[in-house]
Amino acid sequence: MKRIPAHNIIIAAIALITTIVYIMLTVGKTGQTTFDDAYMVSRYAKHWLMGEGFSWNPIDGPSYGVTSPTYLFVITAVLGIAQYADATALTLTSYAAGILSIASMLLLGFIVQSGYRNRISWSPILVVPAILVVPNFAYHSLTGMETTLSLSANAFLACSIVYATRKRTRTAMLLCLLSGLFSIATRPDNGLYALLLPPLFFVANDRRLYKYAITYISLLTLLIMCSIVAGRLLFGDFLPLPFFAKSGGFYHGYTGTFKWNAMKEMFAFWTAATPFLLVIVATTSRRSLAPLLAIAFVISISFLYYASVTQIMGWNARYYYPSMAFVVFAAYITAFSGLEERPATRSNSDFALRCALGLAILLPTNSEEFRQRSIHMWQRYMISQPVAIQSGISYKTPSLQPLPKLGWWKSIQAICDLLKDAPQGTVLAASEYGFIGSQFPGLSIIDLVGLHDRTIAHQGFNADYVMSRRPDIIWLPHPDYTGAIAKLLEHPSFQSDYDYYPGAYDYGIALRRNTERYDSISEIFNRQFLELYGDIEIADQIANPDTP
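Predicted, not measured: the structure shown is a model, and the values here were computed from it.

Draft legend 1. Local environment of empty space enclosed by the protein. Here the structure, examined in full by the defined rule, presents one cavity of 30 Å³ or more. Within this model, the largest cavity holds a volume of roughly 360 Å³. In this structure, the largest cavity is lined by 23 residues; those nearest its centre are T67, R187, P242, K246 and R318. Within the residue set of the lining of the largest cavity, elements represented by two or more residues are α2 (38-49), α11 (242-245) and α13 (286-307). Grouping the amino acids of the lining of the largest cavity by side-chain chemistry returns 13 nonpolar, four polar and six charged.

Printed below as a string of C-alpha cells:
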C-alpha cells in the first residue's frame, strides 16, 4: 500500500477541522432569516402547491417575479415534500447549497489537476478553508436566497468547460451546454458566463477548437431562446420582472442609490477572493496566460453589468459572490500550470512584476483609507445624485410629535399581526412584503415597487393603477421611494377615501374608508396601535391634507 505523503494529510486535516468548526458555528442558525426577499420565493411555491401556478397574486395570473427558476423549483419541492416552515425550508436549502458549492469547487480542483503531471497532491482541498474562513460564505449560506446555489451552478459549469476542452466530444459538448443552461436558470445574470466563457476558454487553450466554440455558442443561444419562451409560458413574461425594476433610473426619485454602492460590494468580493488572487499573481505563467485572460474578461464584463443596476438587497457582494467559482477556477489553472514550469526560467523582472501585482492586490483590501476614497469616488462620479421628490400636498396631524420608530423588521412583524385577524378579501399595497406575503399566501398584495406586478414593472409606478385596485390597507413604501410616496399622497382618492396615519409602522399607513372591511380593519388597527405606541392618542395621529 502506497504511503500518503505527510503534506497531504496536513492539508486534509486543516480542511476537516475548518469544516467541523464552520458547521458547529453556523448550523444552529438555520431555520431563521430576516432577509425579506427570500420569502418571496416561498410565496410563489405555496401558490404552485395550491394549484394556482407560479403567481404573486393568483387573481393576477402568472408572474415572473423570482429571478431564479431553479431555486423556485427546489423550494417548491422542499415545501411540498417536507412541510417545513418557510424560514427552515429557505435556510436549509441555501445552507445545503453552500456545502454543495464547496464540494463542486473541490471537484473542479481535482478535474483541473488531472490534466497536469502533478496529480498526487491534495492541494485542491485547500479551497475548503480558503472559502469557509471568510464570513461572506456563511452569510450567503444563511440568507435563504439562491446565492450559494448559483455559486454551485457556476462551479459545475467550470467543471464541464474543462471536461469539454479535453475530451472534445459531443457528449462533453452536451454536458457543457446543460451546465450553462443550469447556470442561467439559477441566476439569469450568469448568462454572460454561460455564453462567453466556454468558447473563449476553448480557443484560449487550442485555437483549433474555434469550430467547437462556434457550435457551442450557436446551440446555447438556441437553448436560451427556448428557455425564454418557456418563461413566457410558465411565468407570463419572457424575462424576470426585476430586470426591469432594478435597472438604473427605474425608480423616479429613489434616494437609496448611495446605499447600494457597486464599488463597496466589489471590495467585499475582492476581500473574499484575496487568497485566490494571490495564488493567481504568484503562479501565472505563459502557459496559463491565455485561459486566465479569457476568465478575467468575462468576469470584468459581468461586473460592468452589475454596476449598471441598482443592487437593492445586495449586501456582502450578493450579486458578485457566485463569480467566486471562476476566480477559484483561474487560481487552479495558474497554480497547476506554474508547478510544471521550472523556477529557473523566471527572470528577475518577472519576479519584480509579481511582487508589484501582489502589493496592488493587498493595498485595497487592507487599506481602509483607500477603500473609502474609492467608494466615495464611485458615489460621486458614477452614481447620480438622488433627488428626493416632495409631495405637492402636505398633511398635518393634531399632534406635532412624530410616532417613535419600531425598526424595519419589527414593523414587518407588526403588519403581520395586523393582518392575522383581517377579514377575508383584504387587499394590501406595500413595498416590504416578502415575509408578509409568505405568511399570508391568500392575501392579495399590490407590489408598489414592481418586482412582481407586471403593470408597474413594464410601465413604471402609476398611482392611478394602484388606486384602481382599491387596496384596503396601504403601507406606504420605504422612505427611499420618494417618487411613489409623493404620487400616492397627491392622488385625489388617497386624500378623500383613506384615513392616513403618518409614521405608523415607520413608513405610514392608510386605511380605506368606503369598504365593507373598514370597520373590522379599523378595530384591529386601533387595538394594535395601543399595544405598539402605548398612551399616544390615535385620534391625534390621523392626518388631513393641509389645504389653504
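Draft legend 2. Looking closely at the nonpolar core. Counting 84 residues, the largest nonpolar core has I436, I474, W475, F494, Y505 and I509 as its most contacted members. When residues of this core are assigned to their parent elements, the largest contribution, seven residues, is made by helix α17 (residues 408-420).

Draft legend 3. Quick look at the packing of aromatic side chains. What the rule picks out here adds up to 39 aromatic pairs. Ring centres 5.8 Å apart and planes at 45° place the aromatic pair Y44 and W56 in the tilted group. Of the two residues, Y44 is situated in helix α2 and W56 in the loop between α2 and α3 (69-82); the sequence distance between them amounts to twelve residues. The same class applies to Y44 as to W56, namely buried. On the numbers, 5.3 Å between centres and 15° between planes, the contact of W475 with Y507 is stacked. Of this pair, W475 sits in strand β4 (residues 473-475) while Y507 sits in the loop between β5 (498-501) and β6 (509-512), and the two are 32 residues apart along the sequence.

Draft legend 4. Representation of the pairing of β5. Judged by which residues are buried, β5 turns out to be covered on both faces: Y498 and Y500 on one side and D499 and Y501 on the other are all buried. With four bridges connecting them, β5 and β6 associate as antiparallel partners. Of the residues in β6, the one forming a bridge with Y501 is I509.

Draft legend 5. Main features of helix α10 (residues 210-235). Taking 1.5 Å per residue as the helical rise, α10 with its 26 residues ought to reach 38 Å, and the 36 Å between its terminal C-alpha atoms agrees with that figure. Within the span of α10, buried status applies to Y212, A213, Y216, L220, I224, G231 and F235. Buried positions along α10 lie against α3, α7 (147-167), α8 (170-186) and α9 (191-205). Immediately downstream of α10, the backbone of G236 shows phi near 90°, a positive value.

About the cut-offs
- Residues numbered from 1 in each chain as written.
- Predicted model: local features only at pLDDT ≥ 70, side-chain atom pairs only at ≥ 80, totals over all residues.
- Heavy atoms only, no water.
- 1 Å grid on protein atoms, 1.4 Å probe; cavity = no way out; pocket = protein on both sides within 12 Å on 5 of 7 lines; lining within 4 Å.
- Points joined across faces, edges and corners; volume = space filled by probe spheres on them.
- Helix = DSSP H or I, 4+ residues; strand = E, 2+ residues; numbered from the N terminus.
- Nonpolar A, V, L, I, M, F, W, Y, C, P; charged D, E, K, R; others polar.
- Core = buried A, V, L, I, M, F, W, Y, C linked by side-chain atoms within 4.5 Å.
- Buried < 20%, exposed > 50% of the residue type's maximum accessible area, 1.4 Å probe, protein only.
- Phe/Tyr/Trp six-rings, centres within 6.5 Å; stacked < 30°, edge-to-face > 60°.
- Pairing = 2+ DSSP bridges.
- Expected span 1.5 Å × (residues − 1).
- Contact = heavy atoms within 4.5 Å.

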